[in-house]
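Here is what each chain is made of, one letter per residue.
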Amino acid sequence: MEVNKMNSKYEDVIIGLEVHIQLTNLKTKLFCSCNNEYRGKEPNTHVCPICLGLPGSLPVINKISVEFATRLALALGCDINESFWFFRKNYFYPDMAKNFQISQYNKAGGRAFADGGKITIKLNSKKKELQLNRIHLEEDPARLVHKGSIATSPYALVDYNRSGVTLIEIVSDPVMNSPEEAREYLKQLKSIVQYTEISDLDLDGSCRVDANISIKGHARSEVKNINSFKEVERALKWEIQRQKNLLKRGKELIQETRHWDDKRRVTIGLRTKEFEKDYRYFPEQDLVPIEITKDFIEQVKKKLPEMPNARAKRFQKDYQLSEFDSEILVLDKDIADFYENGVKSEKSFGPDEYKQYCNWLMGDISRWLNENNNVIKETKLTPKHLVDLIKLINEGEITGKIAKTFVNEMMKGTPILEIVKKSGKSRIADKNKITKIVEEVIKENRDIVNDYQKNPRALEALIGKCMKKTKGQLDPEITRKIVLEFLKK
Ligand SMILES: [Zn+2]
């Protein structure tokens, strides 16, 4: 029902995404040796004649940028072109001091860095392959800082530290049919980028998305500069609704560029769309064509780690995890690495513990990370901590319920045994002790006991009361048995 409703809502929607990713793991910019890291730095201090576009300065390609682009192209299954050259994309705007951006162009004799490729997503447990069009390299423009919103700001400040940072643009075909598909596409892309180690997309401003959105048979709009992956789904939903409302009122849509205002959460029309000819693309004569040899590609391939899809398949085999568990587990490389380090370090672990370890990571640990807006490598939790915790639970030293209350302390790196000692919360399995507590609870809750004849669920209520009295320390199995014995009397 839910699925049908969604399909009918979006069946005539066509979405294509252009994702710009900064290669934040590079040390220097694309065409000069200025420091690539501009975040938190004094504005306009990481600049030189090249990234300021001063007359007479000559760009030189950063070889590592080409290697990083090759890594991504291989991971996405693109066809890498054996040679390419850069183009000038001309436009007049304060974020580009030389009035053109050095980019790539796949027409007029030019080529993308790589063509094709695909990203596989899973939505409502159905797999779908989303076709990519191409990826290419280009330089990032400077950063414009507006007071308040772009539409109302009385002035703009320019920081050229960002000017010349390497961007990779990943262009999809118009193959997505809903904001949810776009969300899953970006989730997979983020994972692949993390595995190739070319960029940290958790850094603010490291990715920007332009989305082409249309309703079948009508003009499309391009929503520019959606500044985080999280905003994309929201922006798409809003824009689709806007277009549908206009059509409902009998208006026709125009081809235009719109801006996503993430504060007001609406798209605003900025200008009617420029056409490609407005950019007057022509080859960049200051740079020689770049050759990519088969040898070079082979060398890069050898250095690539196992990619998430292959890893998920291996996790199913090596750790007997379900397809569902493995696919979620491998999505974040750091989490997947943590998992493997943990389960491999303990020889006594088998399939039951592998699953337990996975549940802890995907459950309580991930929840803690989300709530605290943190990532696992920034915490003091080690794979060994989680091994120790699971062993204590399985040896009956603590209950799973109590273990859950340890998460906060564990994330600070406190050894499990120390937490158990400090909390005084080891498991109570002593029959006499449990009987005494059950006796008390039965006395205090005659009404629930009387209710038991008509309502068998009263049993759970009584066990709950015993747990509450001891802050969850009682062994649940033994407690259940003893409560039942009392009720049968
Ligand atoms: Zn520079």
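All values reported here derive from a predicted model rather than from experimental measurement.

What follows concerns the pairing of strand 4 (residues 87–90). Taken residue by residue, a regular strand's side chains alternate between the two faces of the sheet. Burial along strand 4 is two-sided: Phe87 and Lys89 facing one way and Arg88 and Asn90 facing the other are all buried. Judged from the two bridges that link them, strand 4 and strand 16 (residues 282–283) form a sheet pairing that is antiparallel. Each residue of the ladder has a partner; that of Phe87, found in strand 16, is Pro283.

For any two aromatic rings, the description comes down to two numbers: the centre-to-centre distance and the angle of the planes. Scanning the entire structure with this criterion turns up 11 aromatic pairs. When the centroid spacing of 5.4 Å and the interplanar angle of 80 degrees are considered together, the rings of Phe84 and Phe86 count as edge-to-face. Across the pair, exposure class does not vary: Phe84 and Phe86 are buried alike. Their ring planes at 80 degrees and their centres at 5.3 Å tell us that Phe315 and Tyr319 sit as a pair that is edge-to-face. Residue Phe315 and its partner Tyr319 are located together in helix 6 (residues 308–319), separated by four residues, close to a single helical turn. Residue classification places Phe315 among the buried positions, given a relative accessible area of 0%. Among the residues examined, Tyr319 registers a relative accessible area of 5% and is labelled buried. Members of the aromatic cluster, connected to one another through ring pairs, are Phe315, Tyr319, Tyr339, Tyr354 and Tyr357. Between the NZ or CZ atom of Lys98 and the centre of the ring of Phe100, over which it lies, the distance is 5.2 Å.

The subject of this paragraph is the packing of helix 9 (residues 351–371) against helix 10 (residues 383–394). Close contact between helix 9 and helix 10 brings their axes to 11 Å; oriented N to C, the two are set at 115 degrees. When the axes of helix 9 and helix 10 are compared, the crossing they make is right-handed. Seen from helix 9, the contacting residues are Glu353, Gln356, Tyr357, Trp360, Leu361 and Ile365; seen from helix 10, they are Pro383, Leu386, Val387, Leu389, Ile390, Ile393 and Asn394. Considered class by class, the residues forming the contact of helix 9 with helix 10 number 10 nonpolar, two polar and one charged.

Here the zinc ion is held by Cys32 (SG), Cys34 (SG), Cys48 (SG) and Cys51 (SG), and the distances to it run 2.3 Å. Coordination at the zinc ion is tetrahedral: its four donor atoms span angles of 101 to 113 degrees at the metal. Spacing between the donor residues of the zinc ion along the chain follows C-x1-C-x13-C-x2-C. The pair formed by Cys32 and Cys34 is uniform in burial state, with each residue classed as buried.

Moving on: the sheet that holds strand 5 (residues 100–103). With antiparallel pairing, the three strands of this open sheet are ordered in space as 5-4-16. Two strands in the sheet have a free side with no partner beyond their single neighbour: strand 5 and strand 16. Inspection of the sheet shows strand 4 paired to strand 5 by four bridges, in the antiparallel sense. Of the residues in strand 5, the one forming a bridge with Phe87 is Ser103.

Moving on to the nonpolar core. Of all hydrophobic cores here, the largest spans 102 residues; its most connected members are Leu17, Phe113, Tyr185 and Tyr339. Counting residues domain by domain, this core receives three or more from each of domain 1 (2–301) and domain 2 (306–423). Contacts of Tyr339, omitting those with residues within four sequence positions, involve Phe315, Tyr319, Leu321, Leu329, Tyr354, Tyr357, Cys358 and Leu361. Counting residues in each nonpolar core, the second largest holds 20 residues, with Ile434, Tyr452, Val483 and Leu487 among its members.

Right, let's get into the side chain of Glu340. Along the chain, Glu340 turns up in helix 8 (residues 333–345). Residue Glu340 is classed as buried on the basis of its relative accessible area of 7%. Among the polar contacts made by the side chain of Glu340, one reaches the side chain of Arg311 at a distance of 3.2 Å. Apart from residues no more than four positions distant in its own chain, Glu340 is found in contact with Arg311, Arg314, Phe315 and Tyr319.

What follows concerns the pairing of strand 14 (residues 256–261). Most of strand 14 is tucked away, with six of its six residues classed as buried. Across the two faces of strand 14 the burial is the same, with Glu256, Arg258 and Trp260 and Thr257, His259 and Asp261 all buried. Bridge count for strand 13 (residues 221–226) against strand 14 is four bridges, and the pairing is parallel. The partner of Lys224 across the bridge, within strand 14, is His259. At this point the chain moves from strand 13, through helix 4 (residues 229–248), to the parallel strand 14, and the crossover so formed is left-handed.

What follows is about the packing of helix 3 (residues 179–196) against helix 4. In the contact formed by helix 3 and helix 4, the axes pass within 9 Å of each other and the chain directions differ by 160 degrees. Looking at the two axes, helix 3 sits roughly antiparallel to helix 4. Crossing of helix 3 over helix 4 shows right-handed handedness. For the pair formed by helix 3 and helix 4, the contact residues are Pro179, Glu180, Ala182, Arg183, Leu186 and Lys190 on the first element and Phe229, Val232, Glu233, Leu236, Lys237 and Ile240 on the second. When grouped by side-chain class, the residues that make up the contact of helix 3 with helix 4 number seven nonpolar, no polar and five charged.

The next subject is the domain arrangement of the protein. Partitioning the protein into structural domains gives domain 1 (2–301), domain 2 (306–423) and domain 3 (431–488). A straight line from the C-alpha centre of domain 2 to that of domain 3 covers 32 Å.

Parameters and conventions
- Residues numbered from 1 in each chain as written.
- Predicted model: local features only at pLDDT ≥ 70, side-chain atom pairs only at ≥ 80, totals over all residues.
- Heavy atoms only, no water.
- Buried < 20%, exposed > 50% of the residue type's maximum accessible area, 1.4 Å probe, protein only.
- Helix = DSSP H or I, 4+ residues; strand = E, 2+ residues; numbered from the N terminus.
- Pairing = 2+ DSSP bridges.
- Phe/Tyr/Trp six-rings, centres within 6.5 Å; stacked < 30°, edge-to-face > 60°.
- Lys NZ or Arg CZ within 6 Å of the ring centre and 35° of its normal.
- Axes fitted to C-alpha atoms, helices over the stretch in contact; angles between N-to-C directions.
- Left-handed = near helix turned anticlockwise from the far one by under 90°.
- Contact = heavy atoms within 4.5 Å.
- Nonpolar A, V, L, I, M, F, W, Y, C, P; charged D, E, K, R; others polar.
- Donors = N, O, S within 2.8 Å, 3.2 Å for Na, K, Ca; no water.
- Tetrahedral: all angles 85-135°; square planar, octahedral: opposite > 155°, others 65-115°.
- Core = buried A, V, L, I, M, F, W, Y, C linked by side-chain atoms within 4.5 Å.
- Domains from an automatic or database assignment.
- Polar contact = N/O pair within 3.5 Å; in protein donor to acceptor, adjacent residues only side chain to side chain.
- Right-handed = clockwise from strand over helix to strand, strands pointing away.
- Parallel < 35°, antiparallel > 145°, perpendicular 65-115°, else oblique.

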